[in-house]
Amino acid sequence: MAIVMRLVQRFQASKKQQFIELEKQFAQLEARGILPKGERMLPLASRDPGNTLIWQSRFPNLSAAKDCLQQCETSPEHTDLAHKQAPLFEDTWVEFYEILDC
């Protein structure tokens, strides 16, 4: 069962540029193979406000998605950037979606 995992991050709207600059550093870690790769999105028309960043990636199963979270939690590079980004958060959560083959 394929899974999409979404990390939804609502940040302080007044700190958007600072938040995006830190997010670019996360993307560099992905490009270097230190973190799993994903795509980042900002809503244009959505129930979520414009100060929401969504990182998402597809995994072959729920176990692989949870392994991704564990990898992020144990990465010193991720932890360092997460500590810099944390003061900019208003809210954050993880969503898992089953991909249907209809």
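In what follows, the structure referred to is the one given above.
Residues numbered from 1 in each chain as written. Predicted model: local features only at pLDDT ≥ 70, side-chain atom pairs only at ≥ 80, totals over all residues. Heavy atoms only, no water.

Trainee: Sorry, what's going on with the packing of aromatic side chains here?
Mentor: Here a ring pair, both rings aromatic, is described through the centre-centre distance and the interplanar angle of the planes. Following the criterion strictly, the structure yields two aromatic pairs and no others. Relative to F19, the ring of F11 has its centre 4.5 Å away and its plane inclined at 15°; by these criteria the two rings are stacked. For the pair shown, F11 and F19 are each scored as buried. Relative to F89, the ring of F19 has its centre 5.7 Å away and its plane inclined at 70°; by these criteria the two rings are edge-to-face. Note that F19 is positioned in helix α1 (residues 16-31) and F89 in strand β4 (residues 89-98), a separation of 70 residues in sequence. On the basis of relative accessible area, F89 is assigned to the partly exposed category, the value being 24%. (Phe/Tyr/Trp six-rings, centres within 6.5 Å; stacked < 30°, edge-to-face > 60°. Buried < 20%, exposed > 50% of the residue type's maximum accessible area, 1.4 Å probe, protein only. Helix = DSSP H or I, 4+ residues; strand = E, 2+ residues; numbered from the N terminus.)

Trainee: In this structure, what is going on with the sheet that holds β4? I would like to understand it.
Mentor: Adjacent strands of a sheet form backbone hydrogen bonds with each other and so pair up, either parallel or antiparallel. As summarised here, the arrangement of the four strands in space is β2-β3-β1-β4, forming an open sheet in which the pairing is antiparallel. Single-partner strands in this sheet number two, and they are β2 (39-41) and β4. The sheet shows a mean angle of 20° between the axes of neighbouring strands, direction not considered. Across nine bridges, strand β1 (residues 3-11) lies against β4 in antiparallel orientation. (Pairing = 2+ DSSP bridges. Axes fitted to C-alpha atoms, helices over the stretch in contact; angles between N-to-C directions.)

Trainee: Whenever I open this one, the pairing of β1 confuses me. Can you help?
Mentor: Look at any regular strand and the pattern is simple: side chains alternate between the two faces of the sheet. Buried residues dominate β1, accounting for eight of its nine residues. When β1 meets strand β3 (residues 52-59), the two strands line up antiparallel, connected through eight bridges. The residue of β3 that forms the bridge with V8 is I54.

Trainee: Teacher, can you tell me more about the pattern of salt bridges here?
Mentor: Any two side chains of opposite charge can pair if their charged atoms end up close together. On inspection of all chains with the given rule, the structure shows six salt bridges. Two residues, R10 and D48, come together in a salt bridge whose shortest N-O distance is 3.3 Å. Residue R10 is located in strand β1, and its partner D48 is located in the loop between β2 and β3; the two are separated by 38 residues in the primary sequence. Accessibility assignment for this pair places R10 and D48 in one class, buried. One network of salt bridges, in which partners are shared, links E23, E30 and R40. (Salt bridge = Lys/Arg side-chain N within 4 Å of Asp/Glu carboxyl O.)

Trainee: How should I be thinking about the layout of surface pockets in this particular structure?
Mentor: Rolled over the atoms, a probe as big as a water molecule pinpoints where empty space is left. The calculated volume of the largest pocket comes to roughly 420 Å³. Lining of the largest pocket is provided by 21 residues; of these, L7, Q9, L69, C72 and H78 occupy positions nearest its centre. Breaking the lining of the largest pocket down by element, the ones donating at least two residues are β1, α1, α2 (62-74), α3 (76-85) and β4. A per-class count over the lining of the largest pocket returns 13 nonpolar, four polar and four charged. (1 Å grid on protein atoms, 1.4 Å probe; cavity = no way out; pocket = protein on both sides within 12 Å on 5 of 7 lines; lining within 4 Å. Points joined across faces, edges and corners; volume = space filled by probe spheres on them. Nonpolar A, V, L, I, M, F, W, Y, C, P; charged D, E, K, R; others polar.)

Keep in mind these numbers describe shape, not what the thing actually does.
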